[in-house]
Every structure is written in C-alpha cells, then in structure tokens.
Amino acid sequence: MKILVTGGAGFIGSNFIRYWLKKYPADSLVNLDALTYAGNLENLSDIENNKNYKFIKGSICDDNLAYDLVQDLDLIVNFAAESHVDRSIMDCRDFITTNVEGTRTLLEAAKSASRRNGKIRFHHISTDEVFGSLGPSDKPFNETTPYDPRSPYSASKAAADHLVRAYWHTYELPITISNCSNNYGPYQFPEKIIPLFITNLLANKKIPVYGQGKNIRDWIYVDDHNAGVDAIIKRGRLGQSYCLGGNSELTNFKLTKKILSFMGKGEDMIEYVTDRPGHDLRYGLDFTKAKNELGWRPAVNFNDGLKKTIAWYKNNQAWWQNIKSGEYLEYYKKQYGQ
Ligand code: NAD
Ligand code: TDX
C-alpha cells in the first residue's frame with residue numbers, strides 16, 4: 001500500500017509512522033509536513049533511512065503539491081493541523097487555513113485522483129472536542145452526539161469533519177473519520193499539559209493549573225490511538241466515524257497529583273493560574289462502536305502509560321530542551337508570565 005501521511009513530523013503523526021512501518025514494513029509512506037513550530041524531524045530520526053519512507057516539506061494547503069502527491073496513492077491519513085487550543089484562542093487564523101482550507105485541498109486532490117483510478121481512500125483525524133463539553137453526570141459522547149464546538153480550534157476541526165463527510169455524500173469519496181480523546185506519550189510538544197508539567201518539573205519549575213483543576217479529560221496512550229486508526233483503515237465502514245476513547249477520565253487536579261507523585265514532587269510545585277476562556281468542563285468518549293465493529297479497545301493502563309511517558313522525557317532531555325527555548329519561550333511567557 002502507498003500512503004500519504006500529513007503532519008507526520010508532529011506528535012501523533014510521527015508515532016503513527018513508526019507504528020505503521022513496524023507493523024507493515026512492505027508499505028511505502030510519504031510524510032508531508034510544513035514543519036511549523038510543532039513539526040520536528042528529530043521525532044523520526046530512527047526512521048529517516050528506511051527505504052520505504054520519504055519526507056516532503058510542504059503545506060497541505062498547496063493545491064499543486066497535493067495534486068502531484070496523490071496521483072498513485074492508496075490512502076491519505078490526514079493528521080496535519082494546528083492542534084493547541086490556547087494558541088487558537090490567541091489567534092485562530094492558521095487554524096482556519098490549515099485545518100479547514102488544508103483539508104479541503106487534500107479532499108479535492110483525493111477526489112481528482114480517485115475519479116481516475118477509483119481507489120484512493122481518505123482517513124481524517126479528528127477530536128472529541130467537536131462534540132462540545134459534558135456536564136459532570138452526562139453520558140460520554142458517541143458517534144451520534146451532535147457537533148457543538150466551542151473553541152476556535154474545535155470549530156476549525158468540526159468544519160473540516162463536515163467537509164470530509166460532504167465529500168463522501170456528494171462525490172462518494174471513500175472516507176472515514178476518527179474522533180479521539182486526549183493523547184499522551186513520547187514526542188508530544190511540551191505545550192500540552194502532560195509534557196509541559198513533566199518537563200517543567202524536570203527543570204524544577206512550577207506547573208500552571210488552570211482555574212481550580214476541576215476540568216476532566218479522557219486520556220489515551222498515543223499507540224492505542226494509532227492502533228484504532230489502523231483498525232478503522234483496515235476494517236472500518238466507509239463514510240463512518242469512530243470514537244476512540246481512552247477509558248481514563250481524570251480531573252486535571254488528579255492528573256497533576258499523579259504526575260507529582262510519580263516524579264517525587266510535592267503539591268507546592270502547583271501554581272493556580274487564570275482559567276482558559278471558554279474552558280470545556282469535561283470530555284469523555286464511548287468507544288462501543290469501535291469495540292463492536294473493529295474489535296478495538298485501548299490497551300494501555302493510564303498509570304503505566306504515564307510512568308512510561310515520564311521516563312521518556314527523563315531520558316530524552318536534549319529533545320525537549322531544544323524546543324523549550326526560542327519561539328516556545330516567548331509563547332510560554334505570554335501565556336503564563338513566567
Ligand atoms: P502536533 O501539533 O504535534 O502536530 C501537527 C503537525 O502538523 C506538525 O508536524 C506540523 O508541522 C504539521 N502541520 C501544521 N500545519 C501544516 C500544514 N499546513 N501542512 C502540513 N503540515 C502541517 O499535533 P498532534 O497532537 O500530533 O495532533 C495530530 C492530529 O490529531 C491533529 O489533527 C489533531 O487535531 C488531532 N488530535 C490530537 C489530539 C491530541 O491530544 N494531541 C487528540 C485528538 C485529535
Ligand atoms: O498549562 C496547562 N494547564 C492546564 O491546567 C495546560 C496547557 C492545560 N491545562 C488544562 C486545560 C485542559 O483542561 O489541561 C487540560 C488539557 O489541556 P491541553 O493539554 O491543552 O489539551 P486540550 O485543550 O484538552 O486539547 C487536547 O486534546 C484534544 C489537544 O491539544 C487537542 O489537539 C485535541 O484535539
């Protein structure tokens with residue numbers, strides 16, 4: 001199979017490429033990534049000499065490039081996105097450009113290719129945030145939950161999902177979508193809560209908890225997410241969405257306490273900071289459909305995954321110390337005033 005992975009130099013995409021080439025070594029993979037602040041080729045330094053892997057620097061918004069790349073493909077897996085909610089609150093222009101216009105560009109390229117050879121498949125990576133926010137005792141989201149995005153990030157992801165489905169209904173482009181909960185694991189950019197807190201604590205810096213830490217997220221280890229995407233690609237029904245949840249809902253406060261305890265630090269390292277505007281209270285995903293139709297379920301226990309992730313950041317300090325300087329530092333100061 002010949003696959004175009006977009007955003008493969010980011011956190012989940014790079015883990016996906018490593019996962020896929022290990023499991024399907026005969027497949028060939030092209031990674032199209034614009035190398036924004038979040039894209040890092042060091043994430044794939046162990047893969048770069050694999051003869052079945054090729055990197056192309058470019059944007060998913062580039063019509064001509066997308067058209068050229070898709071001509072002899074079997075599959076596109078679209079991970080490329082602006083992915084950080086706080087950045088979307090500061091300025092959402094790039095979110096609309098990449099997440100919406102970029103997805104349209106890829107869909108159009110896939111449509112033109114599939115019209116000719118009738119085989120190109122499009123898998124789109126989405127998020128649970130498109131469903132909005134749950135109350136404390138609401139049932140978790142599932143595939144029938146109406147979309148109700150509430151941040152500029154989730155609004156841009158929802159718009160992209162609607163376009164993907166529109167290409168299925170209008171042009172019969174063979175698509176699938178996965179809506180996943182919060183990922184964690186190696187190579188995650190240290191602006192998201194888990195790698196931010198681990199790397200701050202490794203540097204003996206305080207960790208900024210928004211509001212009172214009462215918000216709830218459903219955590220999934222990145223390899224479990226990628227195994228779910230694999231199952232959808234191999235066995236999912238065309239035109240369908242699948243929710244991939246982690247079965248690990250936790251308040252941010254409980255998550256913080258776990259990180260502190262696994263790293264041998266005390267609660268004095270917490271700094272309560274101003275809450276995120278419009279902060280969604282709770283995400284949770286019901287993955288019954290993926291379990292029943294695909295035989296998929298998350299395999300990694302949260303405590304084990306978190307310990308493994310902490311160990312990875314401890315053992316790869318050069319990776320994140322390079323990142324936590326320059327542009328990142330400016331962003332961090334703007335965000336937390338530290
Ligand atoms: P990330 O920010 O780590 O990586 C995004 C990658 O996309 C980077 O390599 C970046 O360079 C690339 N990119 C950005 N704009 C591009 C463009 N115009 N053209 C080509 N490449 C571009 O993000 P991530 O956390 O790995 O998320 C990957 C996908 O999964 C996103 O679509 C995100 O919405 C979705 N998702 C993420 C999570 C999570 O918890 N991180 C959860 C559910 C869904
Ligand atoms: O410093 C922080 N302090 C804090 O309390 C940060 C960065 C976050 N938080 C809180 C906000 C959220 O309640 O932690 C929770 C998780 O925040 P993020 O790591 O920024 O993730 P979230 O906003 O939940 O979105 C993530 O999950 C869904 C990804 O970034 C998205 O790409 C994905 O779609």
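Just above, that's the structure.
Residues numbered from 1 in each chain as written. Chains lettered and ligands numbered in written order. Predicted model: local features only at pLDDT ≥ 70, side-chain atom pairs only at ≥ 80, totals over all residues. Heavy atoms only, no water.

A.B. asks: I tried to follow the pattern of salt bridges on my own but got confused; where do I start?
C.D. replies: Opposite charge on two side chains permits pairing when their charged atoms draw close. Applying the stated criterion across every chain yields a total of 13 salt bridges. Notably, a salt bridge pairs Arg 150 with Asp 280, separated by 2.7 Å at the nearest N-O pair. You can see Arg 150 sitting in the loop between β5 (121-127) and α5 (152-171) and its partner Asp 280 sitting in the loop between β12 (270-273) and α9 (288-294), a full 130 residues away along the chain. Taking relative accessible area as the criterion, Arg 150 reaches 45% and is therefore assigned partly exposed. Note on Asp 280: relative accessible area 4%, which makes it buried. (Salt bridge = Lys/Arg side-chain N within 4 Å of Asp/Glu carboxyl O. Helix = DSSP H or I, 4+ residues; strand = E, 2+ residues; numbered from the N terminus. Buried < 20%, exposed > 50% of the residue type's maximum accessible area, 1.4 Å probe, protein only.)

A.B. asks: So what exactly am I meant to see when it comes to the sheet that holds strand β2 (residues 28-33) here?
C.D. replies: Strand pairing in a sheet takes place through backbone hydrogen bonds and is either antiparallel or parallel in direction. Here we have seven strands laid out as an open sheet, ordered β3-β2-β1-β4-β5-β6-β10, and parallel in their pairing. The strands lining the two open edges of the sheet, one partner per strand, are β3 (53-57) and β10 (241-244). Within this sheet the neighbouring strands show an average axis-to-axis angle of 20 degrees, counted without direction. Here five bridges tie strand β1 (residues 2-6) to β2, and the two strands are oriented parallel to one another. In the sheet register, Leu 4 faces β2, and the bridge partner there is Val 30. Contacts from helix α1 (residues 11-23) reach β1, β2, β3 and β4 (75-78) within the one sheet, and its direction differs from that of β2 by about 175 degrees. (Pairing = 2+ DSSP bridges. Axes fitted to C-alpha atoms, helices over the stretch in contact; angles between N-to-C directions. Contact = heavy atoms within 4.5 Å.)

A.B. asks: Explanation requested: the packing of aromatic side chains in the structure shown.
C.D. replies: Aromatic ring pairs are described here by two measures, namely the spacing of the ring centres and the angle between the planes. Applying the stated rule across the entire model yields 22 aromatic pairs. What links up through ring pairs into an aromatic cluster is the set Tyr 37, Phe 189, Tyr 210, Tyr 328, Tyr 331, Tyr 332 and Tyr 336. Stacked on the ring of Tyr 37, the Lys or Arg Arg 87 has its end atom at 3.6 Å from the ring centre. We note Arg 87 situated over the ring of Tyr 331; from NZ or CZ to the ring centre the distance is 4.0 Å. (Phe/Tyr/Trp six-rings, centres within 6.5 Å; stacked < 30°, edge-to-face > 60°. Lys NZ or Arg CZ within 6 Å of the ring centre and 35° of its normal.)

A.B. asks: Can you walk me through the side chain of Asp 33 in this structure?
C.D. replies: With respect to the helices, strands and loops of the structure, Asp 33 is situated in strand β2. One buried charge, Asp 33, has no salt-bridge partner; the nearest side chain with opposite charge is Lys 57, at 8.5 Å. A distance of 2.9 Å separates a polar side-chain atom of Asp 33 from the backbone nitrogen of Ala 9. Ignoring any residue separated from it by four or fewer positions in sequence, one finds Asp 33 in contact with Gly 7, Gly 8, Ala 9, Gly 10, Gly 39, Phe 55, Ile 56, Lys 57 and Gly 58. (Lys, Arg positive; Asp, Glu negative; His and termini not counted. Polar contact = N/O pair within 3.5 Å; in protein donor to acceptor, adjacent residues only side chain to side chain.)

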